[in-house]
Amino acid sequence: MCGIVGYVGRAEAAPILLDGLRRLEYRGYDSAGVAIVDGDHVETRKCAGRIAGLSKLMAEHPAPGTYGISHTRWATHGKPTDQNAHPHFDESGKLALVHNGVIENYQQIKDALLQEGPHHFTSETDTEVLAHLVGKIYDDSAVGVVDPRRHKALLVEALRTALQQVIGTYGIALVHADIPDFIVGARRGSPLVLGVGKDENFLASDVSAIVAHTRDAVYLNDFDLVAVERDKFEISSLAGERGSHAISKVEFTAEDIKKGDYPHYMLKEIFEQPGSVRDAMRGRLSVEECTAKLGGLNMTPAQLRDVGRVVLTGCGTALHAGMVGEYLIEQLAHIPVEVEYASEFRHRNTPMTTDTLVFAISQSGETADTLGALRESKRKGHRTLGICNNVASTIARESDGGVYMHAGPEIGVAATKSFTSQVVILTLIGLLLGRMRHLSTAEGSSIIAALESLPEKIEQILKMSDQIKEVAKKYVKATGMLFFGRQFNFPIALEAALKLKEITYLYAEGHPSAELKHGVIALVKPELPSVFIAPDDAVFSKNMNNIEQVRARKGPIIAVTTASGAAKLKGIADDIITVPDADDIVMPVLTVIPLQLFAYHLAVALGRDVDKPRNLAKSVTVE
Ligand code: F6R
């Protein structure tokens with residue numbers, strides 16, 4: 001949700017900023033811009049559209065200078081136009097500011113500024129109002145001050161004073177033409193990380209923007225301000241106290257975030273799943289004790305045994321993983337589980353018993369709604385754990401413990417490998433809680449065996465990519481698609497529909513198979529295929545009834561099933577995708593993968609921009 005990159009050093013800033021923005025483009029791609037200070041004035045280049053457009057503009061009109069800020073936008077206030085692209089300037093035209101987040105009270109601030117004196121706003125954004133506010137406070141305080149060190153302190157102070165008036169969220173970076181080699185940043189609710197280099201420093205929304213230059217990072221906390229120079233930085237709080245933060249090593253390298261030979265990140269990430277699933281289990285299975293070992297939960301066996309209820313919360317794909325988790329944990333541990341949309345959970349008063357354990361599930365660890373849910377749960381005094389991929393994220397840091405996915409960076413906007421890692425981790429949690437209750441050693445062993453067999457079975461599915469591509473190509477004329485599944489595979493129907501919607505822009509719905517006859521069947525027609533996720537399990541015959549109901553109404557049928565199911569569906573389903581047989585418990589990890597591939601290949605056949613689907617952004621840091 002918007003990406004920020006700042007650089008101060010001895011190299012030309014433009015290529016560093018552009019390269020960083022390219023790596024952050026997954027956060028938003030409505031417009032892009034840079035502000036680079038050249039001598040005593042700020043040069044800005046910005047335009048609607050992608051970074052490629054900005055690169056072209058900068059090739060035609062270079063902006064020299066060794067420090068600057070930049071931004072890639074996911075529009076909130078104001079349309080994605082050149083005028084609304086960041087950076088925005090203050091009234092003097094000397095202060096440039098980029099912002100990720102939402103200033104909720106921008107209208108009041110704007111009205112107050114206009115009452116106090118002339119302010120010319122050229123955009124519809126909340127950000128420009130903030131730039132004017134900071135600029136005005138700075139200009140008022142700097143009158144008559146000649147000491148350049150004082151100017152730096154006054155600029156930090158101006159930002160602090162302005163932010164004390166702001167209601168909303170922000171990740172901010174700003175520069176001022178009169179203050180050389182100096183960037184100020186701040187965060188509240190939108191991530192900001194400082195990259196510490198040698199004689200150069202960086203600011204970014206995400207380390208992937210700067211990892212090619214440094215792996216030393218300082219993760220800012222909410223209400224931190226940071227003054228960044230070439231050879232030093234100083235962190236202080238919104239209240240004005242000096243802060244000290246440890247420098248952490250980024251756990252991945254620039255190499256890890258390359259696309260390699262894959263045409264898209266999404267395909268690369270789908271193909272990484274044998275490894276990412278293995279990494280989600282690595283060191284966490286105890287074959288001797290037939291259980292899972294999850295030390296990161298920070299809970300004693302007695303505390304784990306006392307858990308009486310589990311709440312799983314998240315958004316989008318993470319929520320769907322939670323829905324699979326509900327089936328898993330209830331089946332394995334016999335503990336009641338509720339899955340809550342994070343956005344709903346945080347604003348409604350869900351009755352919570354004192355023995356409720358809450359898990360916030362989030363790949364990025366920065367999703368505003370999930371973070372809000374985590375904070376609300378903690379505020380109420382509940383132990384709240386995270387299931388995150390980004391180890392340095394706010395959710396990972398603010399939770400009472402948790403389980404990291406270790407899936408590696410996920411760049412494709414459509415989540416794939418994070419989903420399977422989340423499901424595997426929820427299986428481990430179910431196994432651990434189950435083994436503390438009624439699950440026998442034999443049952444524990446068989447779940448471990450099922451989990452351990454997953455990477456190889458995923459490899460087998462990936463080998464079918466070309467075959468799935470051929471199936472997908474048959475449906476380029478479809479007007480939409482319906483997805484159905486039962487039990488563990490019902491959330492897979494939801495997830496498959498979400499994947500399809502996101503990257504093909506086709507209308508898609510997921511439902512429990514049996515719901516078909518309660519209304520959805522009215523949609524069935526020859527142009528609207530139905531996808532049934534129907535392995536040959538205990539509910540196969542029930543799925544079969546629903547398949548027949550669609551067939552009777554001339555709806556095309558695609559089935560994802562196992563070999564024995566395929567034999568029974570021959571001549572009934574139009575297309576059959578066969579996954580390896582496996583225990584019901586792990587089946588959702590297998591059934592989702594052909595459907596990720598199906599959505600991917602259909603999107604490519606339709607000419608869609610798979611890694612950057614329209615209107616979307618990865619890491620949704622606004623509400
Ligand atoms: C779907 C997708 C989104 C995310 C959701 C939560 O492909 O990517 O639905 O799953 O925005 O994101 P995280 O997991 O980062 O909290």
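Residues numbered from 1 in each chain as written. Predicted model: local features only at pLDDT ≥ 70, side-chain atom pairs only at ≥ 80, totals over all residues. Heavy atoms only, no water.

### A short note on the overall build of the chain
For the chain, the helix and strand inventory stands at 20 helices and 27 strands. Overall, the chain is about 85 × 55 × 45 Å in size when its C-alpha atoms are taken along their principal axes. Sequence-distant contacts in the chain: of pairs separated by 6 or more residues, those separated by 24 or more amount to 72%. When the accessible surface of the chain is split by element, carbon and sulfur atoms take 51% of a total near 23,100 Å². One way to put it: in the chain the 66 positive side-chain charges average out to a point 3 Å from where the 77 negative ones average out. (Helix = DSSP H or I, 4+ residues; strand = E, 2+ residues; numbered from the N terminus. Contact = heavy atoms within 4.5 Å. Areas by Shrake-Rupley, 256 points an atom, 1.4 Å probe, with all protein chains shown as cover. Lys, Arg positive; Asp, Glu negative; His and termini not counted. Charge placed at Lys NZ, Arg CZ, Asp CG, Glu CD.)

### Comments concerning the domain arrangement of the chain
How big an interface is tends to be reported as the loss of accessible area on association of its parts. Each assigned domain of the chain is listed here: domain 1 (3–257), domain 2 (259–452) and domain 3 (459–614). Inter-centroid distance (C-alpha atoms) of domain 1 to domain 2 is 34 Å. Domain 1 puts 12 residues into the contact, and the matching count from domain 2 is 13 residues. In this assembly, domain 1 packs against domain 2 so that about 1,100 Å² is buried in total across both faces, 52% of it on carbon and sulfur atoms. Viewed at the interface, domain 2 and domain 1 are joined by 1 salt bridge. The partner of Asp 222 in a salt bridge is Arg 375, with the nearest N and O atoms 2.8 Å apart. Summed over the shared surface of domain 1 and domain 2, the number is 6 residue pairs in polar contact (both at pLDDT 80 or more). For the side of domain 1 that touches domain 2, the per-class residue count stands at 7 nonpolar, 1 polar and 4 charged. (Domains from an automatic or database assignment. Buried area = accessible area lost by both parts, 1.4 Å probe. Salt bridge = Lys/Arg side-chain N within 4 Å of Asp/Glu carboxyl O. Polar contact = N/O pair within 3.5 Å; in protein donor to acceptor, adjacent residues only side chain to side chain. Nonpolar A, V, L, I, M, F, W, Y, C, P; charged D, E, K, R; others polar.)

### Section: the pairing of strand β3 (residues 41–48)
Pairing geometry for strand β2 (residues 31–38) and β3, over 8 bridges, is antiparallel. When the bridges of β3 are listed, Ser 31 appears paired with Ala 48. In textbook terms, the turn of a hairpin is the stretch between consecutive antiparallel strands, and for β2 and β3 this stretch comprises 2 residues, one of which, Gly 39, has a positive phi near 65 degrees. (Pairing = 2+ DSSP bridges.)

### Examining the nonpolar core
Ranked by internal contacts, the top residues of the largest apolar core, which has 91 residues, are Ile 429, Phe 483 and Phe 598. Sorting elements by how many residues they give to this core places helix α20 (residues 587–605) first, with 12 residues. Counting residues domain by domain, this core receives three or more from each of domain 2 (259–452) and domain 3 (459–614). With sequence-adjacent residues up to four places away left out, Phe 483 is seen in contact with Ala 493, Ala 496, Ala 497, Leu 500, Ala 508, Glu 509, Gly 510, His 511, Val 531 and Leu 595. Counting 36 residues, the second-largest nonpolar core is a separate cluster that includes Ile 16, Tyr 26, Val 34 and Ile 36. (Core = buried A, V, L, I, M, F, W, Y, C linked by side-chain atoms within 4.5 Å. Buried < 20%, exposed > 50% of the residue type's maximum accessible area, 1.4 Å probe, protein only.)

### With respect to the environment of Thr 384
Topologically, Thr 384 is positioned in strand β21 (residues 384–388). Classification of Thr 384 by relative accessible area gives buried; the value is 0%. Taking C-alpha positions, Thr 384 is 21 Å from Ser 190, a pair spaced 194 residues apart along the chain. A distance of 2.9 Å separates the side chain of Thr 384 from the backbone oxygen of His 382, its partner in a polar contact.

### Comments concerning the sheet that holds strand β25 (residues 530–533)
The strand order β24-β23-β25-β26-β27 describes an open sheet built from 5 strands, whose pairing is parallel. Single-partner strands in this sheet number two, and they are β24 (507–512) and β27 (575–578). Strand-to-strand, the axes of this sheet are offset by a mean angle of 15 degrees, without reference to chain direction. Pairing between strand β23 (residues 480–485) and β25: 4 bridges, direction parallel. Across the sheet, Leu 482 pairs through a bridge with Ser 530, a residue of β25. (Axes fitted to C-alpha atoms, helices over the stretch in contact; angles between N-to-C directions.)

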